[in-house]
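# Chains, contacts and geometry: an overview
Below are the chains, spelled out letter by letter.
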Amino acid sequence: MLRLITTLLVLLCSATGGNVLAHHSFAAEFDNTKPVELTGTVTSMKWSNPHAWIYIDVEDESGNVVNWALESLSANVLVRRGWRKTDLPAGIVVSVVGWQARNATPTASIRFVTLNDGRTLFAGTGTASPATE
Amino acid sequence: MLVRSIVLITVFLSYFTGTVAAQTVPRTASGKPDLQGIWQVQNRASYDLQSHTARYDVLPGMGVVLDDEIPYQPWAREQKNANFVNRKTTDPLSKCFLPGVPRIMYMEHPFQIFQAEEHVAITFEWTQVFRLIYTNGQQTMYPGFNSWMGNSRGHWEGDVLVVEVTEHNDQTWFDEAGNFHSDALHLTERYRMLDGDTIDYEVTIEDENVFTRPWTIRMALHRQTHMDRILEYQCQAELEEMNGDFERDDRTWYPAAIPDDNEPFDADASIDLPELAVADDIPRLPDGTPDISGYYMADAGGANYGLETYSGRFLLPDSRGVVVDPPDGLLPYQKWARAERIDREGPHRGYDDPTAHCFVGGVPRSHYVPAPFFFLQPPGHVVVLHERMSYRQIFLDGRAHLPDHIRLWQGDSIGRWEGDTLVVESTNFNGKSWLNEVGDVVSHAQTIVETFTPVTASQIIYRATVSDPITSTRPWTIEIPFNREDQEMLETACLEDNNDLGHLRDVRDEYRAAQKTTP
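Remember, predicted model here, so these are calculated numbers, not experimental data.

## What about the overall build of chain B?
Each helix and strand in chain B was counted, giving 6 helices and 19 strands. Taking 24 Å as the expected radius of gyration for a compact globule of 519 residues, we find that chain B reaches 25 Å, a close match to that expectation. Viewed in the frame of its principal axes, chain B has a C-alpha envelope of about 75 × 60 × 40 Å. Partitioning the contacts of chain B with sequence separation of at least 6, the portion at a separation of at least 24 is 61%.

See below:
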């Protein structure tokens, strides 16, 4: 948990995020008119390139559970920014903000991950600094 | 008889003492065996490490495993047998995934070894994969961070290069027969030159999750004297071009002609750019050449999202623009190419960007995608290793370019030092690359003159002048600083987990379907 706090501080202090999708066009895959805010339970995280993927179970108003695939930074960028594989274990509850895929699948490019204690990690898409919005 | 006995005894002793016959082995300036060159096995290990008879599309061969036995645990032997049965669909290589080590070393593709004082690089024909072996004692910054090709750290034991390869994932196989391992794999490679044209290559394989004891493979690597550079075999790109998933563009791909209605190309229109001052304290090699070796990241100014200046784009910081000639910062497009560039920015074209398919970036794009690269300066070459698993080999020996009809993603690069600036001329491009995600346009006809000037110990100023009479009315130049960083290279195994391409294809297909139904 100390590592997570350190990571948080590093990430919040970093304003050099730049765009991080970089292997494909954001606008071609995701729809900036479809912002999503999701809260769910982490089922797994895949540490892969060109993007790491976080999978969460989200329950909708009808009680149906949908597993969302959340595209993040590349594993290489995450590890260089201080993330470690132990930081997002399966079973913890997170909230994310991002944009849904144009093909309307439960897929989103996410920008921030907020843990249930309120702390926020920069996860991808866009810049690390909200000031540049 | 006596002479033969003495020779045999000498060979025997040298094998166990780690020294080799000095008179037959080329050596580097520091006295190490010089492994530089192009190498390939002449065996059938890629089909099956063990002795095997022929099957349809499998060539027979004697084994390279000492004792010809792989000591599987019982459950693992069953797994191996299942892998064999299902190999046509489950072999990672059938999907063009990274082969891993040691498999990449005995595939039927040549590779080149580059040897500098602190690093050894191995660049492979197969999909522009490379290995970077640290021989300077540097320990990994990211222990436990697994990858397809593993993490290679080497040292010399006498005349033998010993490389420990760790941090593997559990996704690669040893051969087409389904021999496999877990992520506990630990390799110890030994490279021992027997003579100028032969390396004795031995690997001890340990994996307590899969095997009952360590086991060893051993084979000869043969110098490929009939070739003077590695060409490209882009596995996935070739597959997708064959099956239609990656579509040809007749306007830019080789051998597209200059369109009849193009404006004339003014080759002499370039302006003189300011000369760059080089600091007195830049590091230098023993011969006085600037030492630019190491890890760099481009301060790219948003070039991967547009070479010209832009602002107000969703989620993107404003770009400073990197075009320094023409002075207005705009690319001097032919009219059709500007229209194509605008069309490519549409969501329906995102699928067409080769890097969305995980193909190599091309030149100059490889230098300003947001991923680091590593310069190596072995004798006679500058080698650039790009973290996105591609490389450039720049020859400094004054050789001629490849024949015109040999076309490559990364082009053919010939370089020279002019004072403290590395000047590189590149030709023989295939015209398949985009210059960035918004699709700045270039064709196979481009020739590129790049300059790499180390202005300080920690920064190179990079300029690339592109002359392309198919897409442009005159040459244009970009300028981007490269900053040296205290980091280490990782691996970007892009294709293996590319979940995006299907989404991009959906968007394209939906657009095309709508076009068909629109009168």
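## Thoughts on the overall build of chain A
A count of helices and strands for chain A gives 3 helices and 6 strands. Start at the N end of chain A and walk to the C end: the helices and strands fall as α-α-β-β-β-α-β-β-β. Evaluated residue by residue, chain A yields a buried proportion of 42% over its 133 residues. Nonlocal contacts in chain A, meaning residues at least 24 apart in sequence, comprise 56% of its contacts between residues at least 6 apart.

## Thoughts on the interface of chain A and chain B
Counting residues at the interface gives 29 residues for chain A, matched by 30 residues for chain B. Put simply, the parts of the chain that give the side of chain A that touches chain B at least two residues each are helix 2 (26-29), strand 1 (30-46) and helix 3 (75-80) of chain A. A per-element tally of the side of chain A that touches chain B places helix 2 of chain A first, with 4 residues. Residue composition of the side of chain A that touches chain B, by class: 9 nonpolar, 16 polar and 4 charged.

## Notes on the domain arrangement of chain B
Residues and elements named next belong to chain B. Along its sequence, chain B is carved into domain 1 (15-223) and domain 2 (263-485 + 492-505). Counting residues at the interface gives 16 residues for domain 1 and 16 residues for domain 2. Secondary-structure elements contributing two or more residues to the side of domain 1 that touches domain 2 are strand 2 (111-115), strand 3 (119-124) and strand 4 (130-134). A total of 3 residues in the side of domain 1 that touches domain 2 trace back to one element, the largest contributor, which is strand 3.

## Considerations on the pairing of strand 6 (residues 160-166) of chain B
All names here are of chain B. Pairing geometry for strand 5 (residues 151-157) and strand 6, over 7 bridges, is antiparallel. Counted as the bridge partner of His-155 is Val-162 from strand 6. When strand 6 meets strand 7 (residues 186-195), the two strands line up antiparallel, connected through 6 bridges. Opposite Val-163, over in strand 7, you have Glu-189 as the bridge partner.

## Some details on the pairing of strand 2 (residues 53-59) of chain A
Residues and elements named next belong to chain A. Across 5 bridges, strand 1 lies against strand 2 in antiparallel orientation. Bridge pairing in strand 2 places Met-45 opposite Ile-54. Following strand 1, the chain reverses through 6 residues before pairing antiparallel with strand 2. As consecutive antiparallel partners, strand 2 and strand 3 (residues 65-71) are separated by 5 residues, and within that stretch Gly-63 has a phi angle of approximately 90°, a positive value.

## Observations regarding the environment of B:Thr355
With respect to the helices and strands, the residue B:Thr355 is situated in the loop between helix 5 (335-344) and strand 12 (373-376). Each C-alpha atom of the pair B:Thr355 and B:Asn436 lies 8.7 Å from the other, and the pair is 81 residues apart in sequence. Excluding residues within four positions of it along the chain, B:Thr355 makes contact with A:His23, A:His24 and B:Gly361.

## Let's talk about the sheet that holds strand 5 of chain B
Residues and elements named next belong to chain B. The 9 strands lie next to each other as 1-2-3-4-5-6-7-8-9, forming a closed barrel whose pairing is mixed. Recorded for the sheet is a direction-independent mean angle of 30° between the axes of neighbouring strands. Sheet topology note: the strand 3/strand 4 ladder contains 5 bridges and is antiparallel. Note on strand 4: the bridge partner recorded for Ile-122 is Arg-131.

## Some remarks on the environment of A:Lys46
Along the chain, the position of A:Lys46 falls in strand 1. Distance from A:Lys46 to A:Ala75, taken between C-alpha atoms, is 8.5 Å for residues 29 residues apart in sequence.

## Points about the nonpolar core
Across soluble globular proteins, nonpolar side chains have a tendency to be buried as a group. Counting 103 residues, the largest nonpolar core has B:Ala121, B:Val129, B:Phe130, B:Leu376, B:Val383, B:Leu385 and B:Ile480 as its most contacted members. A domain-level breakdown of this core finds at least three residues from each of domain 1 (15-223) and domain 2 (263-485 + 492-505) of chain B. Not counting chain neighbours up to four residues away, the residues in contact with B:Ala121 comprise B:Phe114, B:Phe130, B:Arg131, B:Leu132, B:Leu376, B:Val383 and B:Leu385. Among the nonpolar cores identified, the runner-up in size contains 35 residues, and A:Ala28, A:Ile54, A:Trp99 and A:Phe122 belong to it.

## Quick notes on unusual backbone geometry
In the segment running from A:Asn49 into A:Pro50, the intervening peptide bond is cis, with an omega of 0°. Cis geometry marks the peptide bond from B:Tyr254 to B:Pro255, where omega comes out at 5°. Although it is not a glycine, B:Glu167 sits at a positive phi angle of roughly 60°. You can call B:Glu167 partly exposed: it has 19 C-beta atoms within 10 Å. In the Ramachandran plot, B:Asn428 falls in the positive-phi region, its phi being about 65° despite a non-glycine side chain. Note that B:Asn428 resides in the loop between strand 16 (421-427) and strand 17 (447-456). Residue B:Asn428 is classed as partly exposed on the basis of its 19 C-beta neighbours within 10 Å.

## A short note on helix 5 of chain B
Residue and element names in this part refer to chain B. By the burial criterion, the buried members of helix 5 are Ala-337, Arg-341 and Arg-344. With its buried residues spanning 65° around the axis, helix 5 presents them on a single face. Every exposed residue of helix 5 that faces more than 90 degrees away from the buried side is listed here: Lys-335, Ala-339 and Ile-342.

## Thoughts on the confidence of the model for chain A
Looking at chain A, the pLDDT average stands at 78 and 77% of residues meet or exceed 70. Here residues 128-133 of chain A is modelled with pLDDT under 50, and outside its nearest four sequence neighbours on either side it reaches 10 contacts, counting other chains as well.

## Some points on the confidence of the model for chain B
On average, chain B scores 94 in pLDDT, and the residues at 70 or more come to 95%. Across residues 6-14 of chain B the pLDDT falls below 50, and counting only partners more than four positions away or on other chains, this stretch makes 3 contacts in the model.

Cut-offs used in this document
- Residues numbered from 1 in each chain as written.
- Chains lettered and ligands numbered in written order.
- Predicted model: local features only at pLDDT ≥ 70, side-chain atom pairs only at ≥ 80, totals over all residues.
- Helix = DSSP H or I, 4+ residues; strand = E, 2+ residues; numbered from the N terminus.
- Rg over C-alpha atoms; globule rule 2.2 N^0.38 Å.
- Contact = placed C-beta atoms within 7 Å.
- Buried ≥ 20, exposed ≤ 12 C-beta atoms within 10 Å, placed from the backbone.
- Nonpolar A, V, L, I, M, F, W, Y, C, P; charged D, E, K, R; others polar.
- Domains from an automatic or database assignment.
- Pairing = 2+ DSSP bridges.
- Axes fitted to C-alpha atoms, helices over the stretch in contact; angles between N-to-C directions.
- Core = buried A, V, L, I, M, F, W, Y, C linked by C-beta atoms within 7 Å.
- Arc of directions from axis to C-beta.
- pLDDT = per-residue confidence, 0-100.

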